[in-house]
Amino acid sequence: MVSLSIELCALIPVYNHEKTVGDVARALLAKNMRLILVNDGSSPECRESLIKLANEHPHQVILLEHPINQGKGAAVMTGLRHADFLHVSHVLQIDADGQHNTDDIARFIT
């Protein structure tokens, strides 16, 4: 019998969602998920909130940054490449604006 090791992490592309990304991140952290945040050239205020999140949770949050906005697709690809580098087996992309219900995650991963 083959045993599969699954390591799930959440990927959050962020562009100027400083008011909502903290709540999304905290909801995922409460589920013991590892996070990859990709700052896609956000405002200084948003960047500060992302740095704060990463500093508060250094073992669970990885912050990657684009110096200028490249679009959601580029931010997702940056995060996926980093997840591959980390040998993460599964990535769940969730938006930073709070439009996705984090309680639905179990429906995707069970």
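What counts and how
- Residues numbered from 1 in each chain as written.
- Predicted model: local features only at pLDDT ≥ 70, side-chain atom pairs only at ≥ 80, totals over all residues.
- Heavy atoms only, no water.
- Salt bridge = Lys/Arg side-chain N within 4 Å of Asp/Glu carboxyl O.
- Helix = DSSP H or I, 4+ residues; strand = E, 2+ residues; numbered from the N terminus.
- Buried < 20%, exposed > 50% of the residue type's maximum accessible area, 1.4 Å probe, protein only.
- Polar contact = N/O pair within 3.5 Å; in protein donor to acceptor, adjacent residues only side chain to side chain.
- Contact = heavy atoms within 4.5 Å.
- Core = buried A, V, L, I, M, F, W, Y, C linked by side-chain atoms within 4.5 Å.
- Axes fitted to C-alpha atoms, helices over the stretch in contact; angles between N-to-C directions.
- Parallel < 35°, antiparallel > 145°, perpendicular 65-115°, else oblique.
- Left-handed = near helix turned anticlockwise from the far one by under 90°.
- Nonpolar A, V, L, I, M, F, W, Y, C, P; charged D, E, K, R; others polar.

Asks: Just give me the short version of the pattern of salt bridges, but keep the residues and values in it.
Replies: Across all of its chains, the model carries seven salt bridges by this definition. For Glu 65, the salt bridge goes to Arg 47, with nearest N and O atoms at 2.7 Å. Taken together, the residues span a long stretch of sequence, with Glu 65 in strand 3 (residues 61-66) and Arg 47 in helix 2 (residues 44-56) at a distance of 18 residues. The partly exposed category is assigned to Glu 65, whose relative accessible area is 35%. Arg 107 serves as the salt-bridge partner of Asp 104, at 3.7 Å between the closest nitrogen and oxygen. Classification of Asp 104 by relative accessible area gives partly exposed; the value is 27%.

Asks: An account of the side chain of Asp 95 is requested, with residue identities and associated values reported.
Replies: Structurally, the position occupied by Asp 95 is in the loop between strand 4 (90-93) and helix 4 (105-109). In this structure Asp 95 comes out as buried when scored by relative accessible area, which is 10%. A distance of 2.5 Å separates the side chain of Asp 95 from the side chain of Gln 99, its partner in a polar contact. For Asp 95, the contacting residues outside a window of four places in its chain are Ile 12, Val 24, Lys 72 and His 100.

Asks: With reference to specific residues and values, describe the nonpolar core.
Replies: Among the nonpolar cores identified, the biggest contains 20 residues, and Ile 12, Val 14, Val 21, Leu 28 and Leu 35 are the most heavily contacted of them. If you list the elements that add at least two residues to this core, you get strand 1 (8-14), helix 1 (21-29), strand 2 (34-40) and helix 2. In terms of residue count, the dominant contributor to this core is helix 1 (five residues). Apart from residues no more than four positions distant in its own chain, Leu 28 is found in contact with Ala 10, Ile 12, Met 33, Leu 35, Ile 94, Thr 102 and Ile 105. Ranked by size, the runner-up nonpolar core spans nine residues in total, among them Cys 9, Ile 36, Leu 64 and Ala 75.

Asks: I'd like a description of the packing of helix 1 against helix 2, backed by residues and values.
Replies: The description of two helices packed together rests on the angle between their axes and the distance between the axes. Two elements in contact, helix 1 and helix 2, have axes whose closest approach is 10 Å; the angle formed by their N-to-C orientations is 20 degrees. Viewed along their axes, helix 1 and helix 2 adopt a mutual orientation that is roughly parallel. The element helix 1 and its partner helix 2 pack so that their crossing is right-handed. Counting all contacts with helix 1, which are made through Val 21, Gly 22, Ala 25 and Arg 26, the residues of helix 2 involved are Ser 49, Leu 50 and Leu 53. Here the contact of helix 1 with helix 2 is built from residues that sort into four nonpolar, two polar and one charged.

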